[in-house]
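# Notes for the structure review
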There are 2 protein chains.
Amino acid sequence: MALCDYSTFRVSPVSSHLFRVSHHRSSSSLARLPSVVRCSYGSQQLKTLAIDPSPVVESLTTFAPATVANLGPAFDILGCAVDGIGDKITLRVDPDVTPGHITISDITGAKLSLNPFHNCAGIAAIAVMRMLGVRKVGLSMSLEKGLPLGSGLGSSAASAAAAAVAVNEIFGRKLSEADLILAGLESETKVSGYHADNIAPAIAGGFVLIRSYDPLELIPLKFPADKNLFFVLVSPEFEAPTKKMRAVLPAEVGMKDLAANCSQVAALVKAVIEGDVKLLGSAMSADVVVEPRRIILIPGMVAVKRAALEAGAFGCTISGAGPTAVAVTDDEAAGMEIGAHMVEAFWKEGNLKATATVRRLDREGARLCSK
Amino acid sequence: MALCDYSTFRVSPVSSHLFRVSHHRSSSSLARLPSVVRCSYGSQQLKTLAIDPSPVVESLTTFAPATVANLGPAFDILGCAVDGIGDKITLRVDPDVTPGHITISDITGAKLSLNPFHNCAGIAAIAVMRMLGVRKVGLSMSLEKGLPLGSGLGSSAASAAAAAVAVNEIFGRKLSEADLILAGLESETKVSGYHADNIAPAIAGGFVLIRSYDPLELIPLKFPADKNLFFVLVSPEFEAPTKKMRAVLPAEVGMKDLAANCSQVAALVKAVIEGDVKLLGSAMSADVVVEPRRIILIPGMVAVKRAALEAGAFGCTISGAGPTAVAVTDDEAAGMEIGAHMVEAFWKEGNLKATATVRRLDREGARLCSK
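Owing to the predicted nature of the structure, the values given are computational and were not obtained by experimental measurement.

## Comments concerning the overall build of chain A
Helices and strands together make up the secondary structure of chain A, namely ten helices and 15 strands. For chain A, buried positions account for 61% of its 371 residues. Long-range contacts, defined as pairs at least 24 residues apart, comprise 75% of the intrachain contacts of chain A with a sequence gap of at least 6. Carbon and sulfur atoms make up 52% of the accessible area of chain A, which amounts to about 13900 Å² in all.

This is the structure in structure tokens:
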């Protein structure tokens, strides 16, 4: 959420296991992720301001970007946001809705439940309303799905992020990014499992390292502003078999594989911080644990990866749990060429139609579109 | 070896699996590690210049620093050099030695074989002589061990590094740091196993990531010049049971531990590159795979770690395979206080005498002392 510059943060322990973010900010600025964020989540307790705030506008629209999780060897611990594709939420103060409640008026772009308790956007919105202690107004929202479901692009996280930010914005930004991530994580946990590597970058933008889950600790990794990074996202018309994708994960890995993945993650982090896209690509391509087991479950993916690299991509892997393939490059035109080769490989080797898009790194995360 | 600035490097593939470092350099400069170094080593083949060079001086002395390998979660993949303690080699052109050969005239500070084929300094020196194709002069060297054997401070690597650099220097620096690391790795392989996390920083200085072993690929991680980093090294009078230390390593680790260590390595790399000593310390302390199994084999070490943290250290773990404990801080005086508490804990809880020393990060690596 790049609505403001970084504020001054202090992370202070309030008990031995519970850390909260305190911050000083100007009245209009949103509290962005500090360099390290530790949050209590093990007990499912969200921060509760319970201030029953008044809305500052009648309606607004937010956008949250797609995200690429895992990035090869960084399984379950790293994700990043990609610009220009994502989900939108339009949120309104609605006198027809029971105060303290929220309804979903309509959803375009996907068939999803309108029951807010069974919808990732609804769950995140309710979590934020609970944190704020909203009691005196009712809300309604409409969801515009820009991301296909089950594509490996963080579709549920984008909806949750857009909704969490929308509720926070309509009440005047009382909560920090860290709080919103916790709200979004509540949604992710119910919908797709307890993992923060989509929701954290969907809200904060850029690359976010999930350093630990208990307590949840997030570390933003800043990709240099003066460097170019493009993601070539190629989504085939194929439903990745989620159960199989999970089932092929090994229960254990050998020490050699542990060292291999740790060292590739190390290279990946250096590459991100220093803006070294070539190193980023080669580290992203070098997972020896998860990708080799999953790549064979997506028809044509082995050939797609090879095609991407042969066409000049610096690296290629599976986005999230797939089926989208993600390649990286530092040049947009080269990215389009790479994408064409990947689409061709999906067709030739996997017998799958696929579409390609070339996107920049999203450095902002979920954001307000208009008031 | 910080005898010069970085030269211009190009890493070019000469076959699909074999990379060599080519470089342009001024006549007096030593080729330092470029940002990524890939070397062939799988086949034990070292680069061979075979130029039978003439010595440029009659004698010289080199120094190579102690090194801390593993750094907690970065098991087998990361090491760094610490300033002011290490081994020295004095190397002479010796007409009494058969041309093309080297002898070890004397060793002070430790009881070690004078047979160069059975001595880590000798093995590294011979490897460099072979790479250079030395045939027309004989050499003799004396070794001054400043590091105790089996202490977890890279004692064998320091001897090998000092020797490799000495031979390269006496013949006018024909080889690069990467070449010397390969020569040193030949020594390490014969003496203490195939691992580069001591020899690479002993030669190159600073932090070096071993990205892969086959092919060997090294990535220097530059700690910022304007930040302070002190290592508190506390060595007890205890012989770490090497076989046991190795035997307690698990054959396999669970996916949760894989993610945990990968994420701590990620935090460690960010901390090193950004000079964040607090984060470095906490990441270094957070290994869930190796340290928990080894720490109980060193009497008092659990208490020593606790004492270091309670005394204000940012982190503490086992240096290499121990028994030395290493803590980090950004203040020298604080380091001495921390060291005193650690020594006390070794005595009280482990019934072991120990000595503490506080050392800066060594940013130079093995170097010439005098000509």
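## Side note on the packing of helix α2 (residues 155-170) of chain B against helix α3 (residues 177-191) of chain B
Residues and elements named next belong to chain B. Two elements in contact, α2 and α3, have axes separated by 9 Å at closest approach and are oriented at 140°. Regarding α2 and α3, the two cross each other, and that crossing is right-handed. Packed against α2, whose contacting residues are S156, A157, A160, A164, V165 and N168, the element α3 presents L180, G184, S187, E188 and V191 at the interface.

## What about the relation of the copies chain A and chain B?
Overlaying chain A with chain B gives an RMSD of 0.0 Å, the required rotation being 180° about an axis along which the chain moves by 0.0 Å. Expressed as an axis order, the relation between the two copies is that of a two-fold axis. Most of the interface of chain A is mirrored in chain B, where 100% of its interface residues are also at the interface.

## Digging into the UniProt feature "domain: GHMP kinase C-terminal" (unreviewed entry) in chain A
When the UniProt feature table is mapped onto this chain, "domain: GHMP kinase C-terminal" (unreviewed entry) is found at residues 269-338 of chain A. In residues 269-338 of chain A, helix accounts for 50% and strand for 13%; the two terminal C-alpha atoms are 24 Å from one another.

## With respect to the pairing of strand β6 (residues 102-108) of chain A
Residue and element names in this part refer to chain A. Here β6 runs beside strand β7 (residues 139-144); their pairing, made up of six bridges, is parallel. Bridging from a neighbouring strand, I107 pairs with L143 of β7. In this view, the connection linking β6 to its parallel neighbour β7 by way of helix α1 (residues 120-132) has left-handed handedness.

## Looking at the sheet that holds strand β12 (residues 315-318) of chain A
All names here are of chain A. In space, the four strands of this open sheet follow the order β12-β13-β10-β14, with antiparallel pairing throughout. The outermost strands of the open sheet, each flanked by one partner alone, are β12 and β14 (354-360). Taking the axes of each pair of neighbouring strands and ignoring which way they run, one obtains an average angle of 20° across the sheet. Two elements, β12 and strand β13 (residues 325-329), share four bridges in a ladder whose sense is antiparallel. Opposite C316, over in β13, you have A327 as the bridge partner. Its contacts with the sheet put helix α7 (residues 277-284) on β12 and β13, and the angle it makes with β13 is roughly 155°. Along the sheet face, helix α9 (residues 301-310) touches β12 and β13 and points at about 160° away from the line of β12.

## Considering the sheet that holds strand β13 (residues 325-329) of chain B
Pairing between sheet strands relies on hydrogen bonds along the backbone, with the strands arranged either parallel or antiparallel. Residues and elements named next belong to chain B. Taken together, four strands build an open sheet; the order of strands is β12-β13-β10-β14 and the sheet is antiparallel. Of all the strands in the sheet, just β12 (315-318) and β14 (354-360) have a single pairing partner and so form its edges. Going across the sheet, the axis of each strand differs from the next one's by a mean of 20°, ignoring polarity. Judged from the five bridges that link them, strand β10 (residues 230-236) and β13 form a sheet pairing that is antiparallel. Across the sheet, the residue bridging to V232 is A327, located in β13. Against the sheet, helix α9 (residues 301-310) contacts β12 and β13, and its axis sits at roughly 160° relative to β12.

## So, the interface of chain A and chain B
On the chain B side, the residues contacting the 34 residues of chain A number 35 residues. In total, chain A and chain B occlude about 2800 Å² of area from one another, counting both sides; carbon and sulfur atoms represent 69% of this. On the chain A side of the contact with chain B, R211, M255 and K270 of chain A bury the most area, a combined 24% of that side's loss. Inspection of the chain A/chain B interface yields zero salt bridges. Listed by contribution, the elements that provide at least two residues to the side of chain A that touches chain B are β8 (207-213), β9 (216-221), β11 (252-254), α6 (255-274) and α7 of chain A. Per-element tally for the side of chain A that touches chain B: the top contributor is α6 of chain A, with 14 residues. Here the side of chain A that touches chain B is composed, by residue class, of 25 nonpolar, five polar and four charged. Here β11 of chain A pairs with strand β11 (residues 252-254) of chain B via three bridges, running antiparallel. Bridge pairing links G254 of chain A to E252 of chain B in β11 of chain B.

## Concerning the environment of K145 of chain A
Residues and elements named next belong to chain A. Structurally, K145 can be placed in the loop between β7 and α2 (155-170). Expressed as a C-alpha distance, the spacing of K145 and F63, which sit 82 residues apart in the sequence, is 10 Å. Leave out the neighbours within four places in its chain, and K145 touches D87, I107, T108, G109, A110, L112, S155, S156 and S159. Within the local environment of K145, its side chain forms a polar contact with the side chain of S155, the two groups lying 2.6 Å apart.

Conventions used here
- Residues numbered from 1 in each chain as written.
- Chains lettered and ligands numbered in written order.
- Predicted model: local features only at pLDDT ≥ 70, side-chain atom pairs only at ≥ 80, totals over all residues.
- Heavy atoms only, no water.
- Helix = DSSP H or I, 4+ residues; strand = E, 2+ residues; numbered from the N terminus.
- Buried < 20%, exposed > 50% of the residue type's maximum accessible area, 1.4 Å probe, protein only.
- Contact = heavy atoms within 4.5 Å.
- Areas by Shrake-Rupley, 256 points an atom, 1.4 Å probe, with all protein chains shown as cover.
- Axes fitted to C-alpha atoms, helices over the stretch in contact; angles between N-to-C directions.
- Left-handed = near helix turned anticlockwise from the far one by under 90°.
- Least-squares fit on C-alpha atoms with pLDDT ≥ 70 in both.
- UniProt positions renumbered as here; feature names shortened; annotations may be inferred.
- Pairing = 2+ DSSP bridges.
- Right-handed = clockwise from strand over helix to strand, strands pointing away.
- Buried area = accessible area lost by both parts, 1.4 Å probe.
- Salt bridge = Lys/Arg side-chain N within 4 Å of Asp/Glu carboxyl O.
- Nonpolar A, V, L, I, M, F, W, Y, C, P; charged D, E, K, R; others polar.
- Polar contact = N/O pair within 3.5 Å; in protein donor to acceptor, adjacent residues only side chain to side chain.

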